[in-house]
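Read off the chains here:
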Amino acid sequence: MSVYIVTRRGFVLGGLASGALLSGLPGVAEASSAAGPPIIDCDGWGARPNSRIVNVVNDRPVKILVHHTATANVEDYGRGAAEGLARAIQNFHMDRRGWIDSGQHFTISRGGFVLEGRRRSLEALRSGRKQVEGAHCTGQNLVSIGIENEGTYTDTGPPGALWDRLREMCAYVCGQYGIRPGEIFGHRDFKDTLCPGDVLYGMLPRLRGEVGDLLGKRVEGSSLRAASWPLLREGGPGTSSRGPVVLAAQHLLRAAGALDLTVDGDFGPAMTHAVRRFQAEHATEEVNGIIGGESWPLLVRPPPGADDEVARAVYALVDGSSTRAPSVLDEGVWRELLTHAASS
Ligand SMILES: [Zn+2]
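Presented here is an overview of the structure given in this document. A quick note: this is a predicted structure, and the numbers were derived from the prediction, not measured.

## Some points on the packing of aromatic side chains
Item 1. According to the stated counting rule, one finds two aromatic pairs in the structure shown.
Item 2. Look at Phe-185 and Phe-190: their rings are 5.4 Å apart centre to centre, the planes differ by 70°, and that puts the pair in the edge-to-face class.
Item 3. Between the aromatic rings of Trp-229 and Trp-296, the centroid separation amounts to 6.3 Å while the plane-to-plane angle is 15°, which identifies the pairing as stacked. With Trp-229 in the loop between α6 (204-214) and α7 (244-255) and Trp-296 in helix α9 (residues 295-299), this pair connects stretches of sequence that are 67 residues apart. The same class applies to Trp-229 and to Trp-296, which are both buried.
Item 4. Across from the ring centre of Phe-185, 5.9 Å away, lies the NZ or CZ of Lys-63, which sits over that ring.
Item 5. Above the ring of Tyr-201, the side-chain terminus of Arg-188 is found at 4.8 Å from the ring centroid.

In structure tokens:
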């Protein structure tokens, strides 16, 4: 068990060998008072120069977004592997995506090395008052810190070294910017994506709680669980591919014009097709047949004249009980109905 001394601006960690392991290496910040975990800056891992000026704003971010890199779950936990990953991501983002630099603010390797992503992210974090505009989640890039975690966490969880550094890093970011631990989200909360994987996403309540503990602020009950949308997809596990939430989605797709879609509560190829068509019509970022944080808010705003299908969607979620059906349907009510049905 590590010992943490909480200060106003962050925390000091003691009793962790990894801090001592990293300090003294070139390009690695010392884990000193209120400095958070050691972070390898861009020069430390040999980043290319950014191609255009990085936008720095005089505003604090208000949330953290957790991502996974969707790369292999490598067994090489060394610093060389971590630096290679940071360079590979930067090359991909600059050369293939055409971005000015890495999209994320920070990267954590499976071995627990924390690296700066986009240039000036570390300087902004140290200031506690500035934010670098990232490119990790459209619509969230000026208000959130994006942390990429190396690996693919759809079926398995992250190694202990990565997890420890993720919670330390989140605690440091929360402390620096005054972000509440309940404001830690997954990429899928805002987009139609599997990121950060079912397993790591499922660990976010635990992360919020542990970050709260590191900050000396107990996070309990509903604050552990961020308001979110259930992620649906063909062939997904549990309620993500069948059941009342899928039924409701099918009614809402029909309300949006997919009249040929059969309502059977089973997310099959025909439904994937209908979702893709819906996404294309609404110009979502991804046209991938997955219903997540971008498509749900659009689906629950059906066009006028679709009241019957909307009513059927609601009944599917309240188990046919008219007494449990809400009288007002706004986005928040829908989200509550859907998450409740998905978890029961
Ligand atoms: Zn992501």
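## As for the packing of α7 against helix α10 (residues 307-317)
Item 1. Remark: α7 packs on α10, axes separated minimally by 8 Å, with the N-to-C direction vectors making an angle of 175°. As the angle between them shows, α7 and α10 are arranged roughly antiparallel. Residues Pro-244, Val-245, Leu-247, Ala-248, His-251, Leu-252, Arg-254 and Ala-255 of α7 form the contact with α10, whose own contacting residues are Glu-309, Val-310, Arg-312, Ala-313, Ala-316 and Leu-317.
Item 2. Partitioned by chemical class, the residues of the contact of α7 with α10 number 10 nonpolar, one polar and three charged.

## Structural notes on the sheet that holds strand β5 (residues 63-68)
Strand pairs in the sheet, formed through backbone hydrogen bonds, run parallel or antiparallel to each other.
Item 1. The strand order β3-β7-β6-β9-β5-β10 describes an open sheet built from six strands, whose pairing is mixed. Either end of the sheet is taken by a strand with one partner, and the two such strands are β3 (39-40) and β10 (184-186).
Item 2. As judged from the three bridges shared by strand β6 (residues 106-108) and strand β7 (residues 114-116), these two strands associate in the antiparallel manner. Each bridged residue has a counterpart across the sheet, and for Ile-108 the counterpart in β7 is Val-114.
Item 3. The sheet strands contacting helix α2 (residues 79-96) are β3, β6 and β7, and the helix crosses β7 at an angle near 35°.

## A look at the coordination of the zinc ion
The textbook angles at a metal center are 109.5 degrees for a tetrahedron of four donors and 90 or 180 degrees for an octahedron of six.
Item 1. Within the protein, the atoms that donate to the zinc ion are His-67 (ND1), His-187 (ND1) and Cys-195 (SG), at distances of 2.0 to 2.3 Å.
Item 2. Mapped onto the sequence, the donors of the zinc ion take the spacing H-x119-H-x7-C.

## Quick notes on the environment of Lys-130
Item 1. Position of Lys-130 relative to the elements: it lies in the loop between α3 (121-127) and β8 (131-132).
Item 2. Using a relative accessible area of 29% as the deciding quantity, one classes Lys-130 as partly exposed.
Item 3. Beyond its immediate stretch of four places on either side in the chain, Lys-130 contacts Val-56, Val-57, Asn-58, Asp-59, Pro-61, Ala-124 and Tyr-177.

## Re unusual backbone geometry
Item 1. Here the bond from Cys-195 into Pro-196 is cis, since omega is 5°, no more than 30 degrees from zero.
Item 2. Following the sequence through the fold, Pro-196 ends up in the loop between β10 and α5 (198-202).
Item 3. We note that Ala-283 has phi near 50°; this positive angle belongs to a residue other than glycine.
Item 4. Residue placement: Ala-283 occurs in the loop between α8 (269-281) and α9.

## Some remarks on the pairing of β5
Item 1. Of all six residues making up β5, six are buried, and the element is well covered by its neighbours.
Item 2. The pairing of β5 with strand β9 (residues 144-149) spans six bridges and is classified as parallel. Following the sheet pairing, His-68 is matched in β9 by Asn-149.
Item 3. Bridge count between β5 and β10: three bridges; the pairing is parallel. Paired with Val-66 across the two strands is Gly-186, which belongs to β10.

## So, the nonpolar core
Item 1. One finds Leu-125, Leu-166, Met-169 and Leu-207 to be the most contacted residues of the largest nonpolar core, which totals 35 residues.
Item 2. Listed by contribution, the elements that provide at least two residues to this core are β5, β6, α3, β9, α4 (160-177), α5 and α6.
Item 3. With 10 residues, α4 is the single largest residue contributor to this core.
Item 4. In this structure Leu-207 touches Val-66, Trp-163, Leu-166, Arg-167, Cys-170 and Ile-184, once residues within four positions along its chain are discounted.
Item 5. Core analysis: the second largest hydrophobic core is formed by 31 residues, Ala-248, Met-271, Val-310 and Ala-342 among them.

What counts and how
- Residues numbered from 1 in each chain as written.
- Predicted model: local features only at pLDDT ≥ 70, side-chain atom pairs only at ≥ 80, totals over all residues.
- Heavy atoms only, no water.
- Phe/Tyr/Trp six-rings, centres within 6.5 Å; stacked < 30°, edge-to-face > 60°.
- Helix = DSSP H or I, 4+ residues; strand = E, 2+ residues; numbered from the N terminus.
- Buried < 20%, exposed > 50% of the residue type's maximum accessible area, 1.4 Å probe, protein only.
- Lys NZ or Arg CZ within 6 Å of the ring centre and 35° of its normal.
- Axes fitted to C-alpha atoms, helices over the stretch in contact; angles between N-to-C directions.
- Parallel < 35°, antiparallel > 145°, perpendicular 65-115°, else oblique.
- Contact = heavy atoms within 4.5 Å.
- Nonpolar A, V, L, I, M, F, W, Y, C, P; charged D, E, K, R; others polar.
- Pairing = 2+ DSSP bridges.
- Donors = N, O, S within 2.8 Å, 3.2 Å for Na, K, Ca; no water.
- Core = buried A, V, L, I, M, F, W, Y, C linked by side-chain atoms within 4.5 Å.

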